[in-house]
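Examining the three-dimensional arrangement
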Amino acid sequence: MKAEERLYEEIWEHKITTKDDLSAEGNLRVGVALKYIDGGEKLLDVGCGEGTLGKLVMNKYKEVHGVDISPQAVELAKNAGLIASRININDEPIPYPDNTFDTVT
């Protein structure tokens, strides 16, 4: 496991074990994205974390996908209903063909 992957594992381990707020409250990224998301067929949330944004826009899309570096975050996103994959986008290509998504956050 690379250093950056270990860092995100430590962050998610801390969030999960300390029950840090995993909601949209106070999450600037989610708040800003929600202002601009209209809806469509498919959304991809890069760095989806636990799926906070995806959960909030599921009623606007037929499919909500997410990718994140942390396996723990991906499991939480899957539990939230996202189609989620563990990907380190610094080293790995996103495994979707061009023009798969209406919206990418």
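The structure we're discussing is the one just above.
Residues numbered from 1 in each chain as written. Predicted model: local features only at pLDDT ≥ 70, side-chain atom pairs only at ≥ 80, totals over all residues. Heavy atoms only, no water.

Each regular strand displays side chains that alternate between the two surfaces of the sheet. Relative to strand β2 (residues 61-68), strand β1 (residues 40-46) is paired through six bridges, and the arrangement is parallel. Pairing of Gly 40 across the sheet is with Tyr 61, part of β2. Across two bridges, β1 lies against strand β4 (residues 103-104) in parallel orientation. Paired with Leu 44 across the bridge in β4 is Val 104. (Pairing = 2+ DSSP bridges. Helix = DSSP H or I, 4+ residues; strand = E, 2+ residues; numbered from the N terminus.)

With 13 residues, the main nonpolar core has Ile 37, Leu 43, Leu 53, Val 57, Tyr 61, Val 64 and Leu 82 as its most contacted residues. Residue assignment for this core shows that the elements contributing at least two residues are α2 (28-36), α3 (52-57), β2 and α4 (71-79). (Core = buried A, V, L, I, M, F, W, Y, C linked by side-chain atoms within 4.5 Å. Buried < 20%, exposed > 50% of the residue type's maximum accessible area, 1.4 Å probe, protein only.)

Glancing now at the pairing of strand β3 (residues 83-86). As defined by bridge partners, β2 adjoins β3 across four bridges and the pair is classed as parallel. Within β3, the residue paired with Val 67 across the bridge is Ser 85. After leaving β2, the chain enters α4 and then returns to the sheet as β3, a path that is right-handed. (Right-handed = clockwise from strand over helix to strand, strands pointing away.)

So, on to a nonpolar patch on the surface. On the surface, Leu 28, Val 32 and Tyr 36 cluster together into a nonpolar patch covering about 370 Å² of accessible area. By the element assignment, Tyr 36 lies in helix α2. Judged by relative accessible area, Tyr 36 falls into the exposed class, the value being 65%. (Patch = residues over 30% accessible without salt bridge, like charges linked within 9 Å, V, L, I, M, F, W, Y side chains within 5 Å. Areas by Shrake-Rupley, 256 points an atom, 1.4 Å probe, with all protein chains shown as cover. Salt bridge = Lys/Arg side-chain N within 4 Å of Asp/Glu carboxyl O.)

Glancing now at the sheet that holds β4. Overall, parallel pairing links the four strands, which are arranged β3-β2-β1-β4 in an open sheet. Single-partner strands in this sheet number two, and they are β3 and β4.

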